[in-house]
Amino acid sequence: MKALCWHGANDVRVDNVPDPTIINPRDAIVKITSTAICGSDLHLYNGFIPTMQSGDIMGHEFMGEVVELGSEVKNLKKGDRIVIPFTISCGSCFFCNRDLWSLCDNSNPNAGLAEKLYGHSPAGLFGFSHLTGGYAGGQAEYARVPFADVGPLKIPDGLSDEQVLFLTDIFPTGYMAAENCNIQPGDTVAVWGCGPVGQFAIRSAFMLGADRVIAIDRVPERLQMAAAANAEIINYEEMDAGEAVTEMTGGRGPDSCIDAVGMEAHGTGLDALYDKAKQAVRLETDRPTALRQVIVACRKGGTVSIPGVYGGFVDKVPLGAAFNKGLTLKMGQTHVHRYLRPLLDRVQKGEIDPSFVITHRMKLDEAPHAYEIFLNKKDNCIKVVLKP
C-alpha cells in the first residue's frame, strides 16, 4: 500500500509499504477513505518530537471502512464506516474506567520510554513517535486499529466523511478545551491560536454558553474564520495581545484563556527570540510564548486551558502569576472516546458542520506538498484533507 512516511525533519515521502495485518484478536483493518494533516503532525515534521524513526507512517486523524476483523471484535462488521480516535485505549484499565481515555495504562507498548521523560506513560497514539507506542498512522491507504472493540464509532448513513472526520481529534480537542474552562453565563473566553483546534474551541465555547470569545492570531484567513463565528479578533502583530484582552475586558481579564498553540508558538517580543535560540540548540524543547501570555492575561481566579501540545521542557513560565492569581490550569491529550457520541449528536442535529475548517482537499500522493503549504501557511491553507 501507499503511505506517507517520515524520513527526517522536513522530509516526508509517499512510500510503498507492506499492508497492515491483524496482530491481536481485538484488531481491525480499515481501508482509509479520508485522512487529515493536523497541527500536531507539524511537530513531527519539524523534528521536535523525539523517537521518530525513518519509515514511520504519519497521521492520526483518519476514518474509513472496516475490511478485516480480529476474532474478539464483536461490535463491528465488515463494511462499517467508522471514525477512529487518535488516542488508543484498552477500555478496562483504571484510567479508561474513569473516562480518562488518553491516559490508558495498557495501550503504549513503549511505556517505559515515556516514563523516563514524563514519570508515567500516556496512552498510545496513532502515528506519533515511538514514545507513544510506535503505531503506524493513518495517512495511508490502510491502517491497523488496535482495541477496535472499544475505540471506533460507527457512522450512520447520510453523513459525509467531511462532516465526521474531525471527530477523530480536532473537534473533541477544541470542545474539551472549552469544557475545561467551566464556562458560566456571561463569561468571556480568550483563545490564543486560530488554527483548526482554535476554531473548534471558539465554536465550542459559544456552544457551552460563553457570552464573548476573543480570538488571537496573526494569519488573516484564520482571523476571518474566527470572526465568521462571531469571535472578536486580535492580530498580535498589530497590537500586544495581553494588553488588548485586558482593555477589552475592562481591566479584569478574560474569565478563561485557551492556549491552542502549543510548543511551536510564534511571537514578536524578546521572549520569542529567546525561545527560538534555545530551542535551536536543544536547551529548551518547546516555545511557550502563548503559554506565558495566557497565564498573565487570565483574570484572577480564572482558568487556563491548554489543548496545545507540549512535549518536554520550557523556560520562564510565570508560575508566580498563576499561583498569586489563584488560576486553575487544565490540560492534556484529549479523551476522545468521551466525546464521540455527544459531538456526533451535535453534528446530526445541525448545530455544527465541522467541514467548515477545510480549505484544501488533496490526494495522498500530494501529501508532501500539502505539509509544505500547511506549515508555511501558503495558499490560505488552514486544514488539509487527504484522499488515499
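All values derive from a computational prediction rather than experimental measurement. (Residues numbered from 1 in each chain as written. Predicted model: local features only at pLDDT ≥ 70, side-chain atom pairs only at ≥ 80, totals over all residues. Heavy atoms only, no water.)

Draft legend 1. Spotlight on helix H6 (residues 220–228). Among the residues of H6, those classed as buried are Glu221, Arg222, Leu223, Met225 and Ala226. In the core, the buried residues of H6 are packed alongside helix H5 (196–207), strand S12 (212–217) and strand S13 (232–235). Immediately beyond the C-terminal end of H6, within one or two residues, lies Asn230, with a positive phi of roughly 75°. (Buried < 20%, exposed > 50% of the residue type's maximum accessible area, 1.4 Å probe, protein only. Helix = DSSP H or I, 4+ residues; strand = E, 2+ residues; numbered from the N terminus. Contact = heavy atoms within 4.5 Å.)

Draft legend 2. A look at the nonpolar core. If you look at the biggest cluster of nonpolar residues, it comprises 74 residues, and the most contacted ones within it are Phe166 and Ile202. Setting aside residues no more than four positions away along its own chain, Ile202 makes contact with Val191, Cys194, Val213, Ala215, Ala226, Ala229 and Ala231. (Core = buried A, V, L, I, M, F, W, Y, C linked by side-chain atoms within 4.5 Å.)

Draft legend 3. How the structure looks around the packing of aromatic side chains. In this structure the tally under the stated criterion is eight aromatic pairs. Seen from their ring centres, Phe62 and Phe126 are 5.1 Å apart, and the 85° between their planes marks the pair as edge-to-face. One end of the pair, Phe62, is in strand S5 (residues 61–69); the other, Phe126, is in the loop between strand S8 (124–125) and strand S9 (142–145), and 64 residues separate them in sequence. Each member of the pair, Phe62 together with Phe126, is buried. Taken together, the aromatic side chains of Phe166, Phe171, Phe200 and Phe356 make up a single cluster linked through ring pairs. Lying across the ring of Phe94, Arg98 places its NZ or CZ 3.6 Å from the centre. (Phe/Tyr/Trp six-rings, centres within 6.5 Å; stacked < 30°, edge-to-face > 60°. Lys NZ or Arg CZ within 6 Å of the ring centre and 35° of its normal.)

Draft legend 4. Region of the structure containing helix H4 (residues 170–179). Of all 10 residues that make up H4, nine are buried, and the element is covered over most of its length. Inspection of H4 places Ile170, Phe171, Pro172, Thr173, Gly174, Tyr175, Met176, Ala177 and Ala178 among the buried residues, and these make up the whole buried set. Among the structural elements, S5, H5, strand S14 (256–259), strand S15 (303–306) and helix H11 (336–348) are those in contact with the buried residues of H4.

Draft legend 5. View of the pattern of salt bridges. Overall, the coordinates contain 19 salt bridges when judged by the stated rule. The shortest N-O distance in the salt bridge between Glu232 and Arg212 comes to 2.8 Å. Taken together, the residues span a long stretch of sequence, with Glu232 in strand S13 and Arg212 in strand S12 at a distance of 20 residues. Connected through salt bridges with shared partners, the residues Asp99, Glu179 and Arg338 form a single ionic network. (Salt bridge = Lys/Arg side-chain N within 4 Å of Asp/Glu carboxyl O.)

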